[in-house]
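Observations on chain architecture
The residues making up each chain are set out below.
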Amino acid sequence: MPLRTVSAALLACLLTAPGMLLHAADGPSPRIVGGNQAPADFWPWMAQLAIDDPDVDNGYLLCGASQISPRWVLTAHHCTQYQNDAPATADRMFVYIGETERKGTFPQPGRIAVEGIYRHQNYNNFSFAHDLALLRIPATSNSQWPSLADDDTFNALNNRSRSQRDEAVTALGWGQTGSGNLSTRLREVQLDYIPKSICNELSTLSIPASTICAAELNPINGINQDTCFGDSGGPLFIGEDPNPWLVGLTSFGLENCASGAPAGYNHVTTEIAEIERLTTLGGVPLVDMTVNGANTTRYYQPLNGTQNITATLRNNSTRNTATNATVSRSLDGGLTTSARFDWNGCSALASATRCTVASSLAAGASRTGSVAVTDSSGADQVVTLTLSASADENDYRRRNDDRVQEIAFSDNPDLALSAAQQTSSPTRARLTLTLSNRSPLNAATNTGISFPLPANTQLVNGPALGCQQSNPVYCPVGNLSPEQSEILTLEFTTDTGINQVFTFTANADQNDIPGDTDAEADITVQYNATVNTAAGDSSGDGGASLWLGLMALLLGVRLRQH
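Residues numbered from 1 in each chain as written. Predicted model: local features only at pLDDT ≥ 70, side-chain atom pairs only at ≥ 80, totals over all residues. Heavy atoms only, no water.

Observations concerning the pattern of salt bridges
- With the rule as written, the count across this model stands at 13 salt bridges.
- The partner of Glu274 in a salt bridge is Arg277, with the nearest N and O atoms 2.8 Å apart. In this pair, Glu274 and Arg277 both sit in helix H5 (residues 272–281), three residues apart, roughly one turn of the helix. Each member of the pair, Glu274 as well as Arg277, is classed as buried. (Salt bridge = Lys/Arg side-chain N within 4 Å of Asp/Glu carboxyl O. Helix = DSSP H or I, 4+ residues; strand = E, 2+ residues; numbered from the N terminus. Buried < 20%, exposed > 50% of the residue type's maximum accessible area, 1.4 Å probe, protein only.)

With respect to the sheet that holds strand E25 (residues 381–390)
- Strand order in the open sheet formed by five strands is E19-E27-E25-E21-E23, and the pairing between neighbours is mixed. Only two strands of the sheet have a single neighbouring strand rather than two, namely strand E19 (298–301) and strand E23 (354–361). Across this sheet, the average inter-strand angle for adjacent strands is 20°, counted without regard to direction.
- Direction of pairing for strand E21 (residues 322–332) relative to E23: antiparallel, over a ladder of six bridges. Residue Ala322 lies in a different strand from E23, and its bridge partner there is Leu361. (Pairing = 2+ DSSP bridges. Axes fitted to C-alpha atoms, helices over the stretch in contact; angles between N-to-C directions.)

Looking at the pairing of strand E28 (residues 415–424)
- The sheet contact formed by E28 and strand E29 (residues 428–437) spans nine bridges and is antiparallel. Across the sheet, residue Leu417 finds its bridge partner in E29, namely Leu435.
- Between E28 and E29, which pair antiparallel and follow one another directly, the connecting turn spans three residues.

Observations concerning the environment of Arg399
- One can find Arg399 in the loop between strand E26 (394–395) and strand E27 (402–409).
- Sequence-distant contacts of Arg399, that is, excluding residues within four places in its chain, are made with Ser147, Asp241, Asn243, Pro244 and Trp245.
- Of note is the side chain of Arg399, whose polar atom sits 3.0 Å from the backbone oxygen of Asn243. (Contact = heavy atoms within 4.5 Å. Polar contact = N/O pair within 3.5 Å; in protein donor to acceptor, adjacent residues only side chain to side chain.)

Structural notes on the packing of aromatic side chains
- With the rule as written, the count across this model stands at 13 aromatic pairs.
- Relative to Phe504, the ring of Phe502 lies with its centre 5.7 Å away and its plane at 5°, an arrangement referred to as stacked. For the pair shown, Phe502 and Phe504 are each scored as buried.
- Through pairs of rings, three or more aromatic residues link up here, namely Phe42, Trp43, Trp45 and Phe237.
- Over the aromatic face of Phe94 sits the side chain of Arg111, whose NZ or CZ is 3.9 Å from the ring centroid.
- Cation over ring: Arg398 sits above Trp145, and NZ or CZ is 4.0 Å from the ring centre. (Phe/Tyr/Trp six-rings, centres within 6.5 Å; stacked < 30°, edge-to-face > 60°. Lys NZ or Arg CZ within 6 Å of the ring centre and 35° of its normal.)

Have a look at this one:
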């Protein structure tokens, strides 16, 4: 089971030593095969780990890594070993953060010395279980890094349908590109996430509980994709967001990279307690602060009203205490508004934008308070209140630090319009439009829907609906009480059979909530098409034969070398 690290000097001989495992620092490194060159500056937290192995002449050991705070870099445990399995020392390890070009151990601009190495206490050098380590570095000015995926985020990925798992995760690295050479520039590849049960069926390897899997099961134009030697320790994350949810670290795979066989990635979500322990051991503990409240998309108040928003500041860490747990607030979009904290210790500070809720907040502990937002503008407006959680310690999951809440101060309704196609034929199509008044306070009178009618098209049931057969067409809907919806069904005919774009706009006697765009709906109407069916599987009928082919392939492959 070769790891996906590699020695830049010994790559050729490693690949000709049959049956050997790739080792940690020297060895486990998956390569990016079949991917693309990563855009410059898009992944400023991506790190290269270079190790000066005393037994390697004119070269160095290469791994990937991810910066997760100003002082911490996350990588694979096996990336912190020399090629003989001995633990590497910090004085021989260097990282480069945010670089596109592959560097080395010799002094180059941007080289950062590693201050300390903190390895997972339960790492297994044979199964590669818990293949994780943290590197403490001097504080950097970089303020952008990924968030470690929580249980809800990972479970949502794991529960996706097969078609939704296609190309669901991204890996980065400077490893082999399929030509036997390392890449000089950072590369990225989108892979299919593979749930553990399916991975166990597809792989001849023993997959530890601390490992998740990814591969390319549906290569486009026959181009296989994978991580490979040199990519070990690098990130596996959901989607292609520059501030993503990090779910895995490249760990191991079969010797034949990009064969379609699953590769193993350390399951970061299951390692949170150990990450907290190691950062505390290293003297720079990390925490997970959150601020939560009612799951309300928008609050509504009359003009010059006051909205009280209750929220809970929580230390969601598994073991680490948060020092000076603080909630901050900001208002955006308001003409004349004010806000006031009502948390213990902050209630008297009417103009405060930060509130230190507790000097010490233990793991799992929380404090609940509220913020009162008052309008004094006398004009319709929607303001956005952002509450942010923080502490003296850095946060390893910053994507859940903020709670963003809209508040509409208005005496008008809040119209929303949606459109969906129900049926089609070569010359006919049926649409349903849903017009809603989302305001719980204000009614909408004489509502209707208007739309330009495309050429060579007729609204068949327009007279029955009382529509004005002008252009644009206007169809009345009637009065809408607060939080009431009405559905309008429209039947169209065309003599062209060509798909058409419709733009529908909601109308009422009153103005809509300012700044909204959801009172308009665009839809492409398809003729002679299958519509309103369950989402299909993008892999089609070829998926079964592909998976059977993978099984046959896996039976004959060798483990990757170290």
